Amino acid sequence: MSETIKVDIWSDVQCPWCYIGKRKFEAGAALFDGSVEVEYHSFELAPDTPVDFAGSPIDYLSERKGIPVAQVTEMLARVTGIAESVGLHYDYDSVHQTNTVISHELLHYAKAHGRQLDMKERLLKAYFVDGRHVGRIEDLADLAAEIGLDRADVVRALTAHDYLADVKADVAQANAYGIQGVPFFVIDGKYGISGAQDPEAFAGALRQAQADQNEAAGTTAAAGEDR
């Protein structure tokens, strides 16, 4: 019997393709006849962003990245349309551009308490759909409480930066892997998939990892019989 396939995903809370990629990966995993374990890892697309950026995502991309406003508007309209195609209703008029390092610390806190996947979903929805702020401790503590985490303990951990070292370790691992953009998926520690690919691409990689496991298990069993 095949073992669970581990999938490590590098992602940022304010990455529009990461939320789309999450939905497409989930659809791919549903096509796969096997067990999958997912772990999210930190990646900061814009670590120089102030916590309270005075402006919209359009302002940020045009002012900080030097992209013409008309092009930014077209880019956001395109990604919003693609998000709709996977059931996500992005509301860029309400998005609070911010620094996400503290939200990544919260994701590590949630992982330590067995709730990382729920916290990841809540943060992405909060940012892209609900117009919530994901860069301030009090706002993040409210979101954590919504999924049943201890609000006061979240405030304590984030204030003390208990999980900042874990965030930095994730970023360092991304650099070691050569990851330059997200989402980035590592399937069973072997296969890398970059971007929000179609569900069948994810399903195919999971099946290949499962086949590799089965082949390795068969080889090991045959070697044992030869002894």
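About the cut-offs
Residues numbered from 1 in each chain as written. Predicted model: local features only at pLDDT ≥ 70, side-chain atom pairs only at ≥ 80, totals over all residues. Heavy atoms only, no water. Helix = DSSP H or I, 4+ residues; strand = E, 2+ residues; numbered from the N terminus. Rg over C-alpha atoms; globule rule 2.2 N^0.38 Å. Buried < 20%, exposed > 50% of the residue type's maximum accessible area, 1.4 Å probe, protein only. Contact = heavy atoms within 4.5 Å. Areas by Shrake-Rupley, 256 points an atom, 1.4 Å probe, with all protein chains shown as cover. Lys, Arg positive; Asp, Glu negative; His and termini not counted. Charge placed at Lys NZ, Arg CZ, Asp CG, Glu CD. Pairing = 2+ DSSP bridges. Axes fitted to C-alpha atoms, helices over the stretch in contact; angles between N-to-C directions. Core = buried A, V, L, I, M, F, W, Y, C linked by side-chain atoms within 4.5 Å. Phe/Tyr/Trp six-rings, centres within 6.5 Å; stacked < 30°, edge-to-face > 60°. Salt bridge = Lys/Arg side-chain N within 4 Å of Asp/Glu carboxyl O.

Student: Would you explain the overall build of the protein chain in this entry?
Tutor: A count of helices and strands for the protein chain gives nine helices and four strands. Listing each helix as α and each strand as β along the protein chain from the N terminus yields β-α-β-α-α-α-α-α-α-α-β-β-α. Compactness check: the protein chain gives a C-alpha radius of gyration of 19 Å against a globular reference of 17 Å for 227 residues, within 12% of the reference. Its C-alpha atoms give the protein chain principal-axis dimensions of about 70 × 40 × 30 Å. Considering the protein chain as a whole, with its 227 residues, one finds that 44% of them fall into the buried category. If you take every contact in the protein chain between residues at least 6 apart in sequence, the share linking residues at least 24 apart comes to 72%. Here the protein chain displays about 10,800 Å² of accessible surface, and carbon together with sulfur accounts for 51% of that area. Here the protein chain contributes 20 positive and 36 negative side-chain charges, whose respective centroids are spaced 1 Å apart.

Student: Is there a simple way to explain the sheet that holds strand 2 (residues 36-42) in this structure?
Tutor: Strands belonging to one sheet form pairs held by backbone hydrogen bonds; the direction of such a pair is parallel or antiparallel. Strand order in this open sheet of four strands is 2-1-3-4, and the pairing throughout is mixed. Two strands close off the open sheet at either side, each with one partner strand: strand 2 and strand 4 (191-194). Strand-to-strand twist of the sheet, defined as the mean angle between neighbouring strand axes without regard to direction, takes the value 20°. The pairing of strand 1 (residues 5-11) with strand 3 (residues 184-187) spans four bridges and is classified as antiparallel. Looking at the pairing, V7 lines up with I187 of strand 3.

Student: Would you take a moment to explain the nonpolar core for this structure?
Tutor: The nonpolar side chains of a soluble globular protein tend to be buried, and buried together. If you look at the biggest cluster of nonpolar residues, it comprises 36 residues, and the most contacted ones within it are L106, M119 and L123. At the level of secondary structure, the elements contributing two or more residues to this core comprise helix 1 (16-31), helix 3 (69-85), helix 4 (101-112), helix 5 (116-128), helix 6 (137-146) and helix 7 (151-160). Considering each element in turn, this core owes the most residues, six residues, to helix 5. Excluding anything up to four places from it in sequence, M119 contacts L106, L107, A110, L143, A144, I147 and L149. Counting residues in hydrophobic clusters, the runner-up holds 14 residues, among them I5, Y40, I187 and A205.

Student: Explanation requested: the packing of aromatic side chains in the structure shown.
Tutor: The relative placement of two aromatic rings is captured by the distance of their centres and the angle of their planes. The tally for this structure, following the rule as stated, stands at twelve aromatic pairs. Arranged with centres 6.2 Å apart and planes meeting at 20°, the rings of Y19 and Y90 form a pair that is stacked. On the criterion of sequence distance, the pair formed by Y19 in helix 1 and Y90 in the loop between helix 3 and helix 4 is long-range, its members being 71 residues apart. An identical accessibility class is assigned to Y19 and Y90; each is buried. Both rings, one in F25 and one in F185, keep their centres 5.7 Å apart while their planes meet at 25°; by these two values the pair is stacked. Of this pair, F25 sits in helix 1 while F185 is found in strand 3, placing the two residues 160 residues apart along the sequence. For the pair formed by F25 and F185, the shared burial category is buried. One aromatic cluster in this structure is built from Y19, Y90, Y92, Y127 and F128.

Student: I tried to follow the environment of D33 on my own but got confused; where do I start?
Tutor: Note that D33 resides in the loop between helix 1 and strand 2. Distance in space between the C-alpha atoms of D33 and L106 is 32 Å, their sequence separation being 73 residues.

Student: Which parts of the structure should I look at to understand unusual backbone geometry?
Tutor: Peptide bonds are, in most cases, trans, and in most cases residues other than glycine have a negative phi. With an omega of 10°, the peptide bond between V182 and P183 qualifies as cis. As for its placement among the helices and strands, P183 is situated in the loop between helix 8 (164-177) and strand 3. Phi is positive for H161, close to 55°, though the residue is something other than glycine. For H161, a relative accessible area of 40% puts it in the partly exposed group. Of note, the phi angle at D188 is positive, near 55°, even though the residue is not glycine. For D188, the location among the structural elements is in the loop between strand 3 and strand 4.

Student: Which parts of the structure should I look at to understand the pattern of salt bridges?
Tutor: Pairs can form between side chains of opposite charge once their charged atoms are near each other. One pass over the full model with this rule turns up 21 salt bridges. Note that D118 is salt-bridged to R115, the shortest N-O span being 2.8 Å. With a relative accessible area of 38%, D118 lands in the partly exposed category. Classification of R115 by relative accessible area gives partly exposed; the value is 25%. Notably, a salt bridge pairs R156 with D153, separated by 2.8 Å at the nearest N-O pair.

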